[in-house]
Amino acid sequence: MVYNNQIGTECITATQVNIIFNTRLFWRELLYWSRAFFNSVFSNIGSAQEVFTRLYYTPAGYAHMLQLILDRRVSDRFTALFDQYIIILRELVRAAANGETETVNKSVSDLYSNSKERAEFLSEVFPSLDKDVLEQMFNIFVQYEIKEINAYIMQDYGQMIETYDDLLIHTDKTADYLSQGIINLITAAPISADSAGNSNNIGPGICITRNELNTILDISMFWLDLFSWLRAYRISVISGIGNQELLYNRLLRVTTDFGNIMKTFLDDEIVNTHIMLIQEYLWLMDQLLKSRMADDIEEMNRIYQLTIDNIDERAKFLGSAFPSTDVSEWRNLLIKFHTYLIGMSGAFLSGDYAANIEIFDGLINQAEDMGSLFIEALFDSLSSNDIPA
C-alpha cells in the first residue's frame, strides 16, 4: 500500500511525537488484548469473558486523547465504532470456535462494513486523510485477524508468529497515517503537550527530523514488543501449549532488532554488551520460572538475586548512555517491570486470571513508561546533537 507521508521531515515537535506514539500504543493494545482473547477462547487460557471486557475497554483511552484535541462528539463516535468492531470480532471468534460457517461469513461481512464506517467517519473528521486508504488499511487489518484466527484453529504456531509480526508492521503504518491526519488538523491551532498525552519534559521549541523520529519510535516500542513476546513465551511454558522454541527465538529477535537500531548512534561494543545483558535477563527469568514450577525454593532465591544484579547493570548502562536521565530512574522502572513479570507468572500458576489481567495492564503501563523515558532521552540527545559515542 502506498500513501503520502504529510508529516514534515525536518521539524517534528514533541507534541507531534507524542501523538504518533500514543496512536501506535492504541493499536498495540488492541493487538495485545485481541491475542489474549484468542488465547482464552482457542487455548482455554484464562477467562474469555474477563479478557473480552478488557479488550472492549481499549478504545476508551485513545478516545480520551481525541476528546482533549477535538470534542466529545468525535470521541464518543470513535469509541462506538471501535467497540462495534470488537463486538463483531467476539462473535466471529465464537462462531469460528464452534464451526458455525454461516455466522462466520456474516461476521466477516460485518467487520468489512465496520471498516467502511470507520474510514468514512475519520476522513470526515480529519480531511487530509483519504477515505479509500483508511478503508483499505482497516480491511487489511481484518484480513490479518482472520488469518490469525485460522492459525489458532489449526494450531499452526509458526503462522501465528508470522501473522502477528505482519500485524505489528501494518498497525504501525496505520497509526502513523492516522497521526498525520490529526497533526495536519491541529497545525493551524497548536494544542498543548498535555492534550497529546505527553508526560515527557521536552522543551517546546525543540524539533527533530523524520529519520530521527523513526529511530525514537522504534526504540520506544522495544519494551512493548519485549513484554508481548516474553508474555507469550511464559504462557506457553506454564500451559504447555504452543511451540516454546519458536516463541523464545522470536523473543531473542526482539533484542537483536533493538540492538541494531541502537547501533545507529551508540558504539557497537557498548550496544552488544547491553544486548547480552538483556538476553541474560531473559534466560534468568526463564530459569526462575522453571525453578518456581519445580518448587525449588533455594534455586529460586539464587536466580532471583542474579536478576536483581542484572537489572542494576542495565540501569547503570542506560544512565551513562543517556546523560539527561538518572540511573535510579531506570532502575525503578526496570524493578517495577520485573515485579510485574513475576506477579504475572504467579497469577497464572495459581489460576487467578482476574489478577493476571490486572497485572497484564500494569505491564503494558510499565512498558509505556519505559518507552516514554526513551522518547525523552532520545529527543534530548538527538535535538541537541548530544549522542554518546
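Residues numbered from 1 in each chain as written. Predicted model: local features only at pLDDT ≥ 70, side-chain atom pairs only at ≥ 80, totals over all residues. Heavy atoms only, no water.

Undergrad: Looking at this model, I keep getting lost on the packing of helix H1 (residues 14-42) against helix H8 (residues 222-239). Mind explaining?
TA: When two helices pack together, you describe them by how their axes are tilted relative to each other and by the distance separating the axes. Following both chains from N to C, one finds H1 and H8 inclined at 0 degrees, their axes separated by 12 Å at the closest point. Of the possible angle classes, the one that applies to H1 and H8 is roughly parallel. Contacts from Leu-25, Arg-28, Tyr-32, Arg-35 and Ala-36 of H1 reach H8 at Leu-224, Asp-225, Phe-227, Ser-228, Trp-229, Arg-231 and Ala-232. For the contact of H1 with H8, the per-class residue count stands at 7 nonpolar, 1 polar and 4 charged. (Axes fitted to C-alpha atoms, helices over the stretch in contact; angles between N-to-C directions. Helix = DSSP H or I, 4+ residues; strand = E, 2+ residues; numbered from the N terminus. Parallel < 35°, antiparallel > 145°, perpendicular 65-115°, else oblique. Contact = heavy atoms within 4.5 Å. Nonpolar A, V, L, I, M, F, W, Y, C, P; charged D, E, K, R; others polar.)

Undergrad: Looking at this structure, I do not really get helix H3 (residues 72-98). What am I missing?
TA: Note that an α-helix has 3.6 residues per turn; residues three or four places apart therefore point the same way. Spanning 27 residues, H3 covers 39 Å between terminal C-alpha atoms, matching the ideal 39 Å at 1.5 Å per step. Remark: Gly-99 follows H3 within two positions and exhibits a positive phi of approximately 70 degrees. (Expected span 1.5 Å × (residues − 1).)

Undergrad: I keep staring at helix H10 (residues 268-293) and nothing clicks. Help me out?
TA: A rise of 1.5 Å per residue sets the reference length of H10, with its 26 residues, at 38 Å; its end C-alpha atoms lie 38 Å apart and thus fit the reference within 8%. Measuring from the side-chain oxygen of the N-cap residue of H10 to the backbone nitrogen of Glu-269 gives 3.0 Å; that N-cap residue is Asp-267. Asp-295 lies just past H10 and shows a positive phi near 60 degrees. (Polar contact = N/O pair within 3.5 Å; in protein donor to acceptor, adjacent residues only side chain to side chain.)

Undergrad: Is there a simple way to explain unusual backbone geometry in this structure?
TA: Negative phi is the rule for most residues except glycine; trans is the rule for most peptide bonds. With a phi angle near 55 degrees, Asn-44 is a residue other than glycine that sits in the positive phi range. Relative to the helices and strands, Asn-44 resides in the loop between H1 and helix H2 (48-69). With a phi angle near 60 degrees, Asp-295 is a residue other than glycine that sits in the positive phi range. Take Asp-295: it is sitting in the loop between H10 and helix H11 (297-321).

Undergrad: Would you mind going over the packing of helix H6 (residues 157-186) against H8 with me for this structure?
TA: Close contact between H6 and H8 brings their axes to 13 Å; oriented N to C, the two are set at 160 degrees. On the basis of their axis angle, the class for H6 and H8 is roughly antiparallel. In the crossing of H6 with H8, the sense of the turn from one axis to the other is right-handed. Listed contacts from H8 to Ile-161, Tyr-164, Asp-165 and Leu-168 of H6 are Asp-225, Ser-228 and Trp-229. In terms of residue class, the contact of H6 with H8 is made up of 4 nonpolar, 1 polar and 2 charged. (Left-handed = near helix turned anticlockwise from the far one by under 90°.)

Undergrad: Can you walk me through the confidence of the model for the protein chain in this structure?
TA: Interpretation of the predicted coordinates at a detailed level should be avoided for regions scoring low in pLDDT. Summarising the model, the protein chain shows a mean pLDDT of 88, and 90% of its residues fall at 70 or more. Note on residues 1-6: pLDDT is under 50 here. Beyond four places in sequence and across chains, it has 18 contacts. (pLDDT = per-residue confidence, 0-100.)

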